[in-house]
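Chain residues, written in single-letter form:
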Protein chains: 4
Amino acid sequence: MPRIRSAESPRKPDHPPTWRDVCYEIIFEADTPAGKAFDVALLFAILASVLVVMLESVASIEARIGQTLRIAEWVFTILFTLEYILRLICVRRPWKYALSFYGIVDLLAILPTYIAPFLPGQAHRLTVIRALRLLRAFRIFKLAQMLTEASALRHAIWASRAKVTVFLSVVVISVVIMGSAMHLIEGPDNGFTSIPQSMYWAIVTMTTVGYGDIAPQTEVGKALAAIMMIMGYSMIIVPTGIVSAELAQAARKPLTTQVCPNCVREGHDIDAKHCKFCGAEL
Amino acid sequence: MPRIRSAESPRKPDHPPTWRDVCYEIIFEADTPAGKAFDVALLFAILASVLVVMLESVASIEARIGQTLRIAEWVFTILFTLEYILRLICVRRPWKYALSFYGIVDLLAILPTYIAPFLPGQAHRLTVIRALRLLRAFRIFKLAQMLTEASALRHAIWASRAKVTVFLSVVVISVVIMGSAMHLIEGPDNGFTSIPQSMYWAIVTMTTVGYGDIAPQTEVGKALAAIMMIMGYSMIIVPTGIVSAELAQAARKPLTTQVCPNCVREGHDIDAKHCKFCGAEL
Amino acid sequence: MPRIRSAESPRKPDHPPTWRDVCYEIIFEADTPAGKAFDVALLFAILASVLVVMLESVASIEARIGQTLRIAEWVFTILFTLEYILRLICVRRPWKYALSFYGIVDLLAILPTYIAPFLPGQAHRLTVIRALRLLRAFRIFKLAQMLTEASALRHAIWASRAKVTVFLSVVVISVVIMGSAMHLIEGPDNGFTSIPQSMYWAIVTMTTVGYGDIAPQTEVGKALAAIMMIMGYSMIIVPTGIVSAELAQAARKPLTTQVCPNCVREGHDIDAKHCKFCGAEL
Amino acid sequence: MPRIRSAESPRKPDHPPTWRDVCYEIIFEADTPAGKAFDVALLFAILASVLVVMLESVASIEARIGQTLRIAEWVFTILFTLEYILRLICVRRPWKYALSFYGIVDLLAILPTYIAPFLPGQAHRLTVIRALRLLRAFRIFKLAQMLTEASALRHAIWASRAKVTVFLSVVVISVVIMGSAMHLIEGPDNGFTSIPQSMYWAIVTMTTVGYGDIAPQTEVGKALAAIMMIMGYSMIIVPTGIVSAELAQAARKPLTTQVCPNCVREGHDIDAKHCKFCGAEL
């Protein structure tokens, strides 16, 4: 199949579209009425199937309509399986799709129902991973703008990665050392049974979650915990400041250093073609 | 009534004000002494009536002065009913007022007392919705400035809506998946009785509230919870950064809304004298 | 005493300093060696006296050295009383000092010990209000810079007061309405005994403190609580963004709009006296 | 040994490297293949040894493979001791290294194992201080960039130190006064047994950790606690704003460190060609 075309769009403009081209357009694109209708229907199906799994996990509801919910789950799974197979058939490079993020999520969304009967427990509830498919929603509601924003956000976080890594390293090392110190100070009798357990407590405390299932009992332990709390409370400042500054930086309208050849004034925008003071061409 | 005038101001400058005009000025406006006095009195009445409902809900106080409080509640309700009727009478377009935000709040503030006798329980306590009427206070204390600020704030949040939607989607999907995972790992014996219950726990944990009524007991559950805490703790960074940057942006270089008369493009600086795209004079 | 001089500085440069002038300099100023020594000694005395009250409140320590601590408390109180009298004597306008913030704190710091014997309970422990006197420390350690910063901070918060008031109003009204709703939904059996109690719970939840002494038990209550948590978690964004933007605004180096008369270029700092490009006088 | 060379680099370019030079390069530098291999191996050894101590503290694991873990701990300790001795030998100024931050950490990382046998309890678990050695990791992964970022961060925090000190003073004084007030209001019967204990509660509350092991029971106490929570919740705004503004500031207009040769003043812009104060050429 040596025809040159993009992996994603199988339609060739110079011949009438085959059924696979039509199928591709409906399933993968959202800019035709049929494509949009398909995506909206899919979105509701995903929401409904996630809801079914949730309701099934509630004992009182399961006792009443458990049979119905199990049937619904199988119906949704079979529908999603057909959709998955169709996607594999009508895309030009099936492996590329199958190994992409969405391809893997689509597979994981149907697998648990099929495997569950052979596994003990409630393995079929793993199907809630279907919730990840909701990310497709961004594409449907003309959310191109949103994706740009998401990418601006991702860029700001990416630009801050070095600072954030330094920050996270300090947090992790603090948790290890503080957790061990509390294990030695408080001891197993006060709930700090092991270093990992104490590290769990340290994370609960530094993130200000504070369940209270484990709490220091001794004076020294309380003093150390108080210091950790203030540290944890203050630490959030640092990454917040970093990302804020990065986003503010990104949002700042860049100026060129170009000088107007006519009035010798500066401060022109990157996209300026004429001096904003005298109108001469730049 | 085909006279052309604004819906809000029924006063016609060319004839002596009728009693409805005077009434309108006192009740709806706050720029005459009578109008301001009315608004301040109303504010105190609202505060007092909210306080009455609150006190009535405290068993020990209700036992002592319950009778007085019930009478006070009826007095306030009748006063607010009279006020509501007056508002309907003296405004030019009653339906527009009745269906506006404040009109609905004003109605909801009196309804519960009338309906409560026919309902079981403590339905009349819904009158605390009166607290919403306190929002009128902004108008009284020359808070025009405040409203501008509120609107600047609303604008910054609105400008960030795409980023915030992306952020909230990620939070919701995380809560669904993490909640389900914890339900499978911890199971009903440790308090994670169903997926909705586990999602409640996931929200309590990610927002760092941490009641501790449900807490992971197994090692794997604790490890996953620790990851969720750090995620939740870090996530607050993102929207904070977004809104900060947006507000900083708003506070920065103002652009004029002027459009170039030649090329009809926007985005010119306040100090621009020529269009930066085509050089035409602005 | 009609001599014209400032209320604070009683020293007249044209005659030898009286003992009151010397006393004033030592007690009120910190720029002479004696004045600085006095301030440092005072700081340690305050810290020690606060520590004494703290230790006295610990039952096990009180049982052992209670007598010593009570004597120490009286010694510190008498010392601070002498200091207070000296301040009154050597300052030129005693009433102005007595009614200033520091004057009132200085009085409140000694009163409890004297009144306590006539009151039941542990009233003398109110002497910990002495801790407020530590604010004087700012003056001692050449913290003039710090005070400038504190004032920059106060200014940024002051400039944001309208936005912050709007924000706090929304929070208070949310707490009243959400608290009442939870009181109706959960009822006294689940700990939401009254509206004030439920408002306390609402504040504990929205600020993400989350003690867990009161927590929703019903499904509807949990759903509403989850919404409140996300609201409270998100709300912190708003004032943070406001103050950040305000501070960033304040920190921005202001430029003049002045143009160099020689090279016609802009972008000069407020404090510039010469053009930074060609060196011509501005 | 009067040869003039830097304390850190003992290699002289004009004679063949001695074994100490080679040893120095491998242990202290990371820019040769051998040096990098050594650093990566060291990193894994540190991680493994921290993991060994952690696992040993878990009772169930200790019961099964305790003997193996104790042997592993001794092996790692002996390896790190050899490494410490080698570092002392091959560095030119051993005392400077021994007294540097990393030198002290390297010593503290091996001491506990040797001293523990002579001490009661689990003192050897102090070896987790080895986790601090992980900070060396920054050097290995070409993290020079990261260190620059870390230093930018440190600089922003340092530049905010005055504001942060003012902020922390206010927090500490609030904690002392609020803690004492709650001790008087709630009393020992509700868990507020002493002032230090109440201060611990105040910190737990203001940082929004909220364990719930101590919580106010009286109405007045709850009201005061509610105020403290809102204070604590709002306070985080202040330092966040400060550091954000400082970082945004740092990211903005860079100044040169150039000093005017004529008037010896600083603060010139990067693009300045003439001193903005006196006009002299830079």
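Residues numbered from 1 in each chain as written. Chains lettered and ligands numbered in written order. Predicted model: local features only at pLDDT ≥ 70, side-chain atom pairs only at ≥ 80, totals over all residues. Heavy atoms only, no water.

Draft legend 1. Representation of the overall build of chain A within the structure. A tally of regular secondary structure across chain A gives 12 helices and 0 strands. Reading chain A from its N terminus to its C terminus gives the helix and strand order α-α-α-α-α-α-α-α-α-α-α-α. Here chain A holds 282 residues, and 51% of them are scored as buried. Sequence separation of at least 24 residues holds for 50% of the intrachain contacts in chain A that already meet a minimum separation of 6. Accessible area of chain A: about 13,600 Å², with a carbon and sulfur share of 70%. (Helix = DSSP H or I, 4+ residues; strand = E, 2+ residues; numbered from the N terminus. Buried < 20%, exposed > 50% of the residue type's maximum accessible area, 1.4 Å probe, protein only. Contact = heavy atoms within 4.5 Å. Areas by Shrake-Rupley, 256 points an atom, 1.4 Å probe, with all protein chains shown as cover.)

Draft legend 2. Local environment of the nonpolar core. Counting 215 residues, the largest nonpolar core has Trp201 of chain A, Trp201 of chain B, Trp201 of chain C together with Trp201 of chain D as the members making the most contacts within it. Those residues in contact with tryptophan 201 of chain B that lie beyond four places of it in its chain are Tyr211 of chain A together with Met182, Phe192, Ile214, Ala215, Pro216, Ala225 and Met228 of chain B. (Core = buried A, V, L, I, M, F, W, Y, C linked by side-chain atoms within 4.5 Å.)

Draft legend 3. The domain arrangement of chain A, seen in detail. Considered domain by domain, chain A is made up of domain 1 (19-142) and domain 2 (158-249). Each of domain 1 of chain A and domain 2 of chain A was reduced to a C-alpha centroid, and the two centroids are 39 Å apart. (Domains from an automatic or database assignment.)

Draft legend 4. Seen up close, the pattern of salt bridges. All names here are of chain B. Under the defined criterion, the tally for this structure stands at 20 salt bridges over all chains. The residue arginine 70 makes a salt bridge to glutamate 56 at a minimum N-O spacing of 4.0 Å. Taken together, the positions of arginine 70 in helix 3 (residues 59-90) and glutamate 56 in helix 2 (residues 33-57) put the pair 14 residues apart, joining distant regions of the chain. Of the residues examined, arginine 70 reaches a relative accessible area of 34% and is grouped as partly exposed. Residue glutamate 56 is classed as buried on the basis of its relative accessible area, which comes to 4%. (Salt bridge = Lys/Arg side-chain N within 4 Å of Asp/Glu carboxyl O.)

Draft legend 5. The arrangement of unusual backbone geometry in detail. One non-glycine residue with positive phi stands out, namely threonine 208 of chain B, at about 65°. Its location among the elements puts threonine 208 of chain B in the loop between helix 10 (195-206) and helix 11 (219-235).

Draft legend 6. Up close: the packing of aromatic side chains. All names here are of chain C. Using the criterion set out here, one finds 22 aromatic pairs over all chains in the structure. Ring centres 5.6 Å apart and planes at 85° place the aromatic pair phenylalanine 28 and tyrosine 97 in the edge-to-face group. Of this pair, phenylalanine 28 sits in helix 1 (residues 19-28) while tyrosine 97 sits in helix 4 (residues 94-98), placing them 69 residues apart in sequence. Like phenylalanine 28, the residue tyrosine 97 is buried in the burial classification. (Phe/Tyr/Trp six-rings, centres within 6.5 Å; stacked < 30°, edge-to-face > 60°.)

Draft legend 7. Up close: the packing of helix 1 of chain C against helix 2 (residues 33-57) of chain C. Residue and element names in this part refer to chain C. Between helix 1 and helix 2, the least distance of the axes is 7 Å, while the angle of their chain directions is 50°. Between helix 1 and helix 2, the angle is such that the two are oblique. Touching Glu25, Ile26 and Ile27 of helix 1 are Ala34, Gly35, Phe38 and Asp39, all from helix 2. Within the contact of helix 1 with helix 2, the residues separate by chemical class into 4 nonpolar, 1 polar and 2 charged. (Axes fitted to C-alpha atoms, helices over the stretch in contact; angles between N-to-C directions. Parallel < 35°, antiparallel > 145°, perpendicular 65-115°, else oblique. Nonpolar A, V, L, I, M, F, W, Y, C, P; charged D, E, K, R; others polar.)

Draft legend 8. Examining empty space enclosed by the protein more closely. Under the definition given, this model contains 8 cavities of 30 Å³ or more. Its volume calculated, the largest cavity comes out at about 330 Å³. Forming the boundary of the largest cavity are 22 residues, of which Ile236 of chain A, Thr208 and Ile236 of chain B, Ile236 of chain C together with Ile236 of chain D lie nearest the centre. Elements with a minimum of two residues in the lining of the largest cavity: helix 11 of chain B, helix 11 (219-235) of chain C together with helix 11 (219-235) of chain D. Tallied by class, residues from the lining of the largest cavity come to 8 nonpolar, 14 polar and no charged. (1 Å grid on protein atoms, 1.4 Å probe; cavity = no way out; pocket = protein on both sides within 12 Å on 5 of 7 lines; lining within 4 Å. Points joined across faces, edges and corners; volume = space filled by probe spheres on them.)

Draft legend 9. Local environment of the packing of helix 2 of chain B against helix 10 (residues 195-206) of chain C. Helix 10 of chain C packs onto helix 2 of chain B with a crossing angle of 100° between their chain directions and a minimal axis gap of 7 Å. In terms of axis orientation, helix 2 of chain B runs roughly perpendicular to helix 10 of chain C. Of the residues in helix 10 of chain C, those touching helix 2 of chain B at Val53, Met54 and Ser57 of chain B are Ile195, Pro196 and Met199 of chain C. A per-class count over the contact of helix 2 of chain B with helix 10 of chain C returns 5 nonpolar, 1 polar and no charged.

Draft legend 10. Structural context of the confidence of the model for chain A. Residue and element names in this part refer to chain A. Overall, the prediction assigns chain A a mean pLDDT of 78, with 75% of residues at 70 or greater. The element-level mean pLDDT for chain A is lowest in helix 7 (residues 137-140), coming to 61, with helix 10 (residues 195-206) highest at 92. Contacts from residues 1-12, a stretch scored under 50 in pLDDT, to residues over four places away or in other chains number 25 contacts. The complex model carries a pTM of 0.80, and its ipTM stands at 0.77. (pLDDT = per-residue confidence, 0-100.)

Draft legend 11. Structural view of the environment of glutamate 73 of chain C. Residue and element names in this part refer to chain C. With respect to the helices, strands and loops of the structure, glutamate 73 is situated in helix 3 (residues 59-90). Relative accessible area serves as the criterion here: at 4%, glutamate 73 is assigned to the buried category. Measuring from C-alpha to C-alpha, the distance between glutamate 73 and glutamate 56 comes to 9.5 Å, with 17 residues separating the pair along the chain. Ignoring sequence-local partners within four residues, the contact set of glutamate 73 consists of Val52, Glu56, Thr113, His124 and Thr127.

Draft legend 12. Here's a closer look at helix 10 of chain A. All names here are of chain A. When the terminal C-alpha atoms of helix 10 are compared, their 16 Å separation across 12 residues agrees well with the 16 Å that a helix rising 1.5 Å per residue should span. Counting buried positions along helix 10 gives 11 out of 12 residues, so the element sits mostly inside the fold. Looking one or two residues beyond helix 10, the residue adopting positive phi is threonine 208, at roughly 65°. (Expected span 1.5 Å × (residues − 1).)

Draft legend 13. Summary view of the side chain of histidine 183 of chain B. Secondary-structure assignment places histidine 183 of chain B in helix 9 (residues 161-186). Among the polar contacts made by the side chain of histidine 183 of chain B, one reaches the main-chain carbonyl oxygen of phenylalanine 192 of chain B at a distance of 3.0 Å. (Polar contact = N/O pair within 3.5 Å; in protein donor to acceptor, adjacent residues only side chain to side chain.)

Draft legend 14. Summary view of the state of the cysteines. Inspection of every chain in the model, using the stated rule, returns 0 disulfides over all chains. Summary of cysteine pairing: cysteine 23 of chain B is not part of a disulfide, and the nearest cysteine sulfur, belonging to cysteine 90 of chain B, is at 3.4 Å. (Disulfide = S-S within 2.5 Å.)

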